[in-house]
Amino acid sequence: MNETAARQQIVAAARSLFTRSLTHGSTGNISIRVGDRIVVTPTGSSLGTIETDELSIIGPHGEHLDGAKPSKEAFLHAAMLRARPHDNAVVHTHSTYAAAVSCLAGLDPDNALPPLTAYYAMRVGRLPLLPYHAPGDNSLEALAERTAIDNHALLLSNHGPIVTAKTLSTALDALEELEETAKLFLLLKDHHVRPLTTEQIRALSGHP
Ligand SMILES: O=C(CO)COP(=O)(O)O
Ligand SMILES: [Zn+2]
């Protein structure tokens with residue numbers, strides 16, 4: 001993957017998320033690592049209208065190297081990519097159902113959503129809940145980096161999800177699965193639910 005391709009992928013993903021209302025206003029950010037540079041959306045931009053020549057470049061520790069001022073969450077993208085050397089893409093949104101779940105009291109901080117479906121178990125797995133911090137507050141950096149070593153999807157309290165994956169398309173797939181499962185979780189809140197068993201989840205390993 002070269003930087004030109006990374007820019008094109010980010011813009012295509014940004015438009016796709018925005019047109020499907022998975023982001024709104026100037027929320028959400030996307031990045032792809034290319035060698036020791038990370039291409040990331042700029043701060044304050046609408047993912048619906050961002051162009052390839054408006055992106056920012058940061059280094060492995062979130063330092064601004066080139067282009068527009070990076071997303072205020074660029075430090076989180078960089079922290080998760082440092083923790084996960086085999087992943088190269090990060091997506092963060094305020095998608096409605098995942099953001100709604102992130103506002104609930106009494107969630108399990110080790111795993112905010114139950115394994116309701118096989119696709120959730122396969123694409124997301126565990127979802128640690130990180131404590132509330134204001135957007136862009138980089139005192140969350142160390143905890144995010146530590147937690148991301150064993151988890152590619154995190155839920156930021158009263159905020160939204162952030163997901164890493166090997167490629168941007170797999171990160172989007174996981175983020176969308178997380179959003180749909182958050183929706184199911186809220187739809188089912190007054191019902192007696194039977195999540196997948198540990199045995200059923202184990203049997204999914206190796207499934208594409
Ligand atoms: O989602 C956001 C903050 O959490 C958007 O911030 P940026 O516009 O700086 O990327
Ligand atoms: Zn945000």
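- Under the annotation held in an unreviewed UniProt entry, the chain carries the name 3-oxo-tetronate 4-phosphate decarboxylase and is attributed to Rhodococcoides kyotonense.
- Turning to the chain, the UniProt annotation filed under Function (unreviewed entry) states: "Catalyzes the decarboxylation of 3-oxo-tetronate 4-phosphate to dihydroxyacetone phosphate (DHAP) and CO(2)."
- Turning to the chain, the UniProt annotation filed under Cofactor (unreviewed entry) states: "Zn(2+)".

### Quick look at the overall build of the chain
(1) Moving on: On a plain count of helices and strands, the chain comes out with seven helices and eight strands.
(2) Moving on: For the chain, the C-alpha radius of gyration of 16 Å lies close to 17 Å, the compact-globule estimate for 208 residues.
(3) Moving on: Put simply, of all contacts in the chain between residues at least 6 apart along the chain, 65% involve residues at least 24 apart.
(4) Moving on: With an accessible surface of roughly 9,800 Å², the chain has 54% of that area assigned to carbon and sulfur atoms.
(5) Moving on: In the chain, which carries 17 positive and 22 negative side-chain charges, the distance between the mean positions of the two groups comes to 3 Å.

### Structural notes on the pairing of strand β7 (residues 153-156)
(1) Moving on: Neither face of β7 is open: one carries Ala153 and Leu155, the other Leu154 and Leu156, and all of them are buried.
(2) Moving on: Inspection of the sheet shows strand β6 (residues 129-130) paired to β7 by two bridges, in the parallel sense. Among the inter-strand pairings, Leu130 is bridged to a residue of β7, identified as Leu156.
(3) Moving on: Running through helix α5 (residues 141-148), the crossover from β6 to the neighbouring parallel element β7 is right-handed.
(4) Moving on: Where β7 and strand β8 (residues 160-165) come together, four bridges link them in antiparallel fashion. When the sheet's bridge partners are listed, Leu154 is paired in β8 with Ile162.

Criteria and cut-off values
Residues numbered from 1 in each chain as written. Chains lettered and ligands numbered in written order. Predicted model: local features only at pLDDT ≥ 70, side-chain atom pairs only at ≥ 80, totals over all residues. Heavy atoms only, no water. UniProt positions renumbered as here; feature names shortened; annotations may be inferred. Helix = DSSP H or I, 4+ residues; strand = E, 2+ residues; numbered from the N terminus. Rg over C-alpha atoms; globule rule 2.2 N^0.38 Å. Contact = heavy atoms within 4.5 Å. Areas by Shrake-Rupley, 256 points an atom, 1.4 Å probe, with all protein chains shown as cover. Lys, Arg positive; Asp, Glu negative; His and termini not counted. Charge placed at Lys NZ, Arg CZ, Asp CG, Glu CD. Buried < 20%, exposed > 50% of the residue type's maximum accessible area, 1.4 Å probe, protein only. Pairing = 2+ DSSP bridges. Right-handed = clockwise from strand over helix to strand, strands pointing away.

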